[in-house]
Structures are given as C-alpha cells and as structure tokens.
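Spelled out from the first residue to the last, the chains are:
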Amino acid sequence: MYKKLVLTCFALVVAATAFGFMPLDILTAKGSDTMVILAQRWAEAFQSKHPGVSIRVTGGGSGTGISALINGTTDICNASRPMTPAEKDKLKQRFGTPGVEVRTAKDGITIYANPSNPVKKLSIPQLKKIFTGEYNNWSQVGGKNAPIILYGRENSSGTYQFFKEHVLNNEDYASSTQTLPGTAAVVNAVIKDPNGIGYGGFGYAKGIHVVEVSATEGGQGYVPSEQTISNGTYPISRFLYIYLRNRPAGVLKDYIDWILSAEGQAIVKQVGFFPIR
Amino acid sequence: MYRTICLLLAAMAVSLQVGYAQEQDTTKTEGGDELGEAVSGLGDRVTLIENDVDVLKSIKISGYVQADWQHNDQTSDLGGRALYYDSRKDFFQIRRGRIKVQAKYGLLMNAVVQPDITESSVSLREAYAEITPFKTEDLGFTFGSFNRPNYEVERSSSDLESIDRSQVVKTFYPTEYDLGVMVWSHPELFENFNPKFQLALQNGNGPVAETDALKDLIGRVTFPIPLGAESPVQIDLGASFDYGGIPQKGDSVLKTVDGVTKAVANDETGGMAGWGNRKNFNVESQIFLDLLPIGGTIIKGEFLTGSRPAAGTAATGASVAVGKGSQGQDSVIVKAGSAAKPLQIRNQMGYYAYLIQNVSNWLQVVAKYDYYDRNTDMSGDQVKSFSDAATGVLGLGAHFFCANMRFSLWYEIPTYAKDEVAARNSKGDITSTDDVKDNRTTIRVQYKF
C-alpha cells in the first residue's frame, strides 16, 4: 500500500514535469499603471497579427507587477522603475534566474499644473520642497497667493518610487498629498483644481499645463520631448521596462521582439511615450 | 400726468427687478459658500481618513501554515542507529504556523513580531526592531530576536527547497533565532554589485532568557561575482563565522585525541578555564543558471567546520573521575565546590548541496545531499556512539506552486558513513544489512498569505 502510494506520487511528479514542457499561448502582463494603456495597445496589435495568442493586461502598479513576477502569477511585468537588488534576489532565489530586463520605451516624468496656473517653470529643488511640504503656497515659487494642493500616486506605483528617489531624494511625501489610483486620475484632479499640482507619465499630459523643469534653480527649463529626453536635458526622464523571469522563448520571445521592432515602437510614440530606437 | 405715472411704474419695476436680482445673487453666493464649505469639509475628512489608512498600510500581516503528513519506515531508534524514526509511523502534524506582524515607518524604522503556532506549542520566533538611520537600505541596525546570519538559517522555512534545514546547520545554529544586536550593510558599490555585510552579537542561547555572561560573535559577508546583469549565469559567494562559548568551572575539557576521548587542558580559551569554545567557519556558494528553456537551475551549497562543546560524561561533584574504562578517558578533577560538569568539545564538519530545477513557473524538482560528521577526530572502529557518528541524508522531492499554495513531496534516505557502518558491522550491531530502514516520506501543504 505504502509503496503504491509513493510510486503514485512520483508518477504524478513525472506527469507534471512533462506537462510543464507544453507551451501555452496565453500570456499575462501585469504591473505599471503608467504603462497599462501602452501594454494594452501592444497586446491588441500583436493579437490581431497572431490570432492564436491571448495576452491579458492588468495594472496595479510596478510593485504589484514585480511581486506577481516573483510569485509566478504573471509572465510579463511592466514596470516604470527598475527592479531593486532585493527584488532581483528574491526572483533569483525562487526561480534560479536573475530575471530579464527589457527597456521598451522612454518617458519624462511630467509635472502637471492647472491651465490657469501662471507658474511656467519649476526647478528640481523647488519640486522637492513642494512635494515634501516645505513650500505650501504658490507665491513661494512665483505664483499667486494660494495654497498648493498636491496630487500623487500610491506607494505601489513605480512613478511614486521613481519621483521619490530622483526628486525628493528619498524624503517622504508631504502627508497632505492626495494619493490617486492611476496617472489619469492625477491629471483629472489637477485639471479641476486651479491650485493643484501632480506628476506622471508624459503620455497622459492631455489638456493640462505641462510645467518646464530645470535641474537647478535658475537653470534652463525643459518640457519632455523626444529631443530633450534623448539628449538628456530633461532632468527627470526614465525608461519603461518589461521584466521576465527567464530568457524568453516561443511566443513570449516573438512578443518581446515585436515590441522592440519598428511596429511596436511606433505604438510607443502613438501613446505619447518616446521610442528607444 | 399719464407720462409721469408710466415713468414711476417703470422705475418701480426696475427697482423691484434690481432688488430681486440682488436677492437672487445673495442666495446664490450663500449657496456657493455653503457648497464650498461642504466640499472643504469633505476634503478635510478625506485627508483624515487617508492619514488613518496610511497608518494601517504601514502594518503588514503575513505568514504561512505548513500541514504535514509523514511516514517513517522506522519506529524505533535501534540504539541510536536510526536517524529518522517515530513510533507513530504515520501521522499528521502542523509543522509550522507562523504569523508575522510588521510595522514599517518609512525608511527609518521597522519592527517585526513573529510567533510560531503548532498543535502542541506556541513559541516566539522573531521579535526585532530595525533602524535605518540614513533612510536607505544600505546600512541598518537590528535589535531583539532575529535570525543568526547564515544562508540556510536566514531563508524562510516557507521558501526552503527541502523540507527542513540541514543537519549541521540545525546543530551549529539551533532554533535559528537568537537575542542580540546586529549591524548590517548592503551597499551598491557599483552597478549590480551589492555585497552584504552582517555582524551580530548574540546571547548564543536561542530566543530564550540568557543564562551566562558569554556572547557569540557572528559575522557573514556575501557578494555576487560581477558577471553582468545580462549574463545567464549568476554566482554568489559568501563566508560566515560564529565565535562564542559556554561556561564551565573545571580546568580541563574532554577532547578526542588519537581517536580516544580524554581530558586535556582547556588551552583553546587562552588558558582560561572558565569557558568552552564554540566556533565554526563556513563558506557558501549559490550558482543560478538560466540556460534551459524549461526554467532556471540552481546549484548551491555550504561547507561548515568548527567545534561544539557539550556537557561531558562526568558527574558533578567536588572531585570526580570521568569515564575511565570503556571510553578510555583520563580522570578529570572538578574543582571543590563546583557544580559544573567538564565540557566535551568535538571537532565537527558538515556540508549540504542542492540541485534545483524549475519546470515552468509552477513546478520545482529538487535533489539535496546533506552530510554531518559529529566528530572528525574519530573514524572506523573508533566510533562507539551516535554522538560521534557521521550521517548523510539524500533528499529527493518536488514542489508544486499554485497561487499562494505550495504542495511538496519529499523523500529522505539517511545513510551512515561507510567506515562507521563497517565498525558497527564488525561489532555485530548490524547483521543483515548495512543500511537501517529509516527512510522518511513527507507530504506538505503550505499556504502563505
């Protein structure tokens, strides 16, 4: 009886191993809310060319996508920030691979203000003071005498992390910052609030005042564009990534190759981000 | 006259209209103010709620439950010759039930409390506070009950690829956790090169009250070989040590010299008779290979060597001669009035090696060999008891992952070192076969939340 049980269990292991070799053409992509529209457009375009392939795209934030990659619940992780060494180590310990990082697009973290706001330019040090709460009135940065209302993202967002690291120098956001679930919500809030300011991907900057950003106080200000991002003059630009557990093979490899092709990069431009090649 | 009346009526009408319009404007303004105040009040309430939610979000509750079914081939220890045995033969058990509560205050502070709950006991495992004064994860201090710095110890039991830690690790780092303080640093010296340094001072007594003044100094350094982020081969190397001791009042210790246990001067502690040395040095390596299309491969292992003191064979008392005769020891005189036994210090070594193959993202097959020599100064006929024997365990298993669940099947085959088996055969301890039937099968269901 016992021997039969052990033999049955090992037969199950062998069968499961064999099943593990079978290729499946259903891919799941999870992660960055900044990239969710871009990822959906990629998926739609790729599926139209490959009818046998199904790609399911969901958001939730870069942190959520990275956790899903480590837990094995997604095939593709979209991330608007690079994975941390600790996250890479978790992936390595669980799956034996360091993960594969694919740079798919470039983005400039854009500073959104209400169209009625007269402030045209802000420096990185001023942005830090605004978002950490040290400055709380627009008159402190050359604007009208009105309170600054802060809109930002949730802490699972890659944009939240990137902005915190590169603009706030890892200091905490002001407690008055209103956190919103997605860049589109930040843009909508700032459009409705004459005293509002927010940040997010350039792809969402529609119908809003884009504030010029300078690296230093008194320096030349820039808005994100293909030119200012590629020549490095826009001070808060970043890559948008795809992370995979293993080196891609089969349909997954075809999909990644296609994203990096002229066709995939054209979609990057259509959505409002900047192609990497 | 008629014209005058018409003008008066027109003037009255205009004045009435103006008055009505003014009234309407006033009402509108008042309504606008009320709406503005209501919105402002709602905004304040939302801010308060968000602040409360932020506090709650800083508290994270996680944990896991491991429920086992275990079958033991052997139900008796056969006089110390069976490594795995259980008189129940087959049984269910809660191997671990952990709930971890973590409170994080930004990048500055972090506190963790983790009890272990099983069907027979509740015990404290982790309970520590971590401070990162520079608000980065590069440098920090840990205070309380936390894992001793060692590769297999620091890996959560819920992530271990074998059903339990290796024999030598369980001996060198019993209970895994200890009370003390640790400084650690994990700087990114250059891109993709993050060495990790840990230095801890701990009681050396596990997560229970300290019984003596002696402390253990434990250190570990790990670093990756910089092969590049794109390389399909990643190699991590590391080394760790533990230096501590336990007290004794005798002026000699028992040690194995030329295969015989005898009393010798306690010279390893610099002539100080007050304590017995506990020390070990370990080297480790983990190799990660992304070469096969089915999934990543991991080859990893650690070699540990050192000495462990244990209570000697002498009785306590004013003046005691120990074990002369069958064990061949010399006499050990315990100082008058002392209640302590002389310590027996054994040189030991052990190692473990894993071969892990992932097959897609839901199946992992594992082979592990784990060897532990309890007394490296004895071999062959010299081994007379299990306390000096060497044992190896070959473990074979598979893990199935499904969302938060992990189903594990694990089969263990213990063996004794060849020379000692020969020794026992020569003494007639084992007559029918060299290998005692003490294999063990475990089926585990783990839920992690």
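Residues numbered from 1 in each chain as written. Chains lettered and ligands numbered in written order. Predicted model: local features only at pLDDT ≥ 70, side-chain atom pairs only at ≥ 80, totals over all residues. Heavy atoms only, no water.

Participant: Run through the sheet that holds strand β2 (residues 54-60) of chain A, naming residues and quoting values.
Facilitator: The strands that make up a sheet pair up through hydrogen bonds in the backbone, lying either parallel or antiparallel. Residue and element names in this part refer to chain A. Sheet architecture is open: six strands sit in the order β2-β1-β3-β11-β4-β12, paired in mixed fashion. Of all the strands in the sheet, the pair left with one neighbour each is β2 and β12 (274-275). Relative to β2, strand β1 (residues 26-31) is paired through six bridges, and the arrangement is parallel. The partner of Thr28 across the bridge, within β2, is Arg56. Sitting on the sheet, helix α2 (residues 36-49) is in contact with β2, β3 (76-79), β4 (100-108) and β11 (237-244), with an inclination near 175 degrees to β2. (Pairing = 2+ DSSP bridges. Helix = DSSP H or I, 4+ residues; strand = E, 2+ residues; numbered from the N terminus. Contact = heavy atoms within 4.5 Å. Axes fitted to C-alpha atoms, helices over the stretch in contact; angles between N-to-C directions.)

Participant: If you had to explain unusual backbone geometry to someone new, which residues and values would you point to?
Facilitator: Residue and element names in this part refer to chain B. The backbone of Lys89 sits at a positive phi, close to 60 degrees, despite the residue not being glycine. Here Lys89 shows up in the loop between β1 (59-72) and β2 (90-105). Positive phi, normally seen in glycine, also occurs at Asp258, with a value near 55 degrees. Of note, Asp258 is situated in the loop between β10 (252-257) and β11 (260-265).

Participant: How would you sum up helix α7 (residues 183-192) of chain A? Please name residues and give values.
Facilitator: Residues and elements named next belong to chain A. Listed as buried for α7 are Thr183, Val186, Val187, Ala189 and Val190. Considered in projection along α7, the buried side chains sweep an arc of 165 degrees and stay on one side of the axis. Packed against the buried residues of α7 are β5 (110-113), β7 (149-153), β8 (178-180) and β9 (196-200). (Buried < 20%, exposed > 50% of the residue type's maximum accessible area, 1.4 Å probe, protein only. Arc of directions from axis to C-beta.)

Participant: Please give an account of the pattern of salt bridges that cites residues and values.
Facilitator: Oppositely charged side chains are able to pair whenever their charged atoms sit close together. Overall, the coordinates contain 30 salt bridges over all chains when judged by the stated rule. A:Asp33 is paired through a salt bridge with A:Arg153; the nearest N and O atoms lie 3.0 Å apart. Note that A:Asp33 is positioned in the loop between β1 and α2 and A:Arg153 in strand β7, a separation of 120 residues in sequence. On the accessibility criterion, A:Asp33 (17% relative accessible area) is buried. A salt bridge links B:Lys100 to B:Glu126; its shortest N-O distance comes to 3.8 Å. Note that B:Lys100 is positioned in strand β2 and B:Glu126 in strand β4 (residues 122-131), a separation of 26 residues in sequence. On the basis of relative accessibility, which here comes to 23%, the residue B:Lys100 falls in the partly exposed class. Accessibility expressed as a relative area gives 7% for B:Glu126, which makes it buried. It is possible to trace a salt-bridge network through shared partners that takes in B:Arg95, B:Arg96, B:Asp164 and B:Lys170. (Salt bridge = Lys/Arg side-chain N within 4 Å of Asp/Glu carboxyl O.)

Participant: An account of the nonpolar core is requested, with residue identities and associated values reported.
Facilitator: Across soluble globular proteins, you tend to see nonpolar side chains buried next to one another. Residue and element names in this part refer to chain A. Leu38, Trp42, Ile55, Tyr112, Ile242, Tyr255 and Trp258 are the most contacted members of the largest nonpolar core, which totals 42 residues. For this core, the secondary-structure elements that each account for two or more residues are β1, α2, β2, β4, α7, β11, α9 (250-260) and α10 (262-271). When near neighbours in sequence (up to four residues on either side) are disregarded, Ile55 contacts Leu27, Ala43, Phe46, Gln47 and Tyr255. Among the nonpolar cores identified, the runner-up in size contains 30 residues, and Ile124, Ile197, Ile229 and Tyr234 belong to it. (Core = buried A, V, L, I, M, F, W, Y, C linked by side-chain atoms within 4.5 Å.)

Participant: Could you give an account of the sheet that holds β7(A), naming the residues involved and the relevant values?
Facilitator: All names here are of chain A. The strand order across the open sheet formed by six strands is β6-β10-β5-β9-β7-β8, and the pairing between neighbours is mixed. Edge positions in the sheet fall to β6 (121-123) and β8, since each of these pairs with one other strand and no more. Between one strand axis and the next, the sheet turns through 35 degrees on average, direction left out of account. In terms of strand pairing, β5 meets β9 through four bridges, oriented antiparallel. When the bridges of β9 are listed, Tyr112 appears paired with Gly198. Along the sheet, helix α6 (residues 158-166) makes contact with β5, β7 and β9, crossing β9 at roughly 105 degrees.

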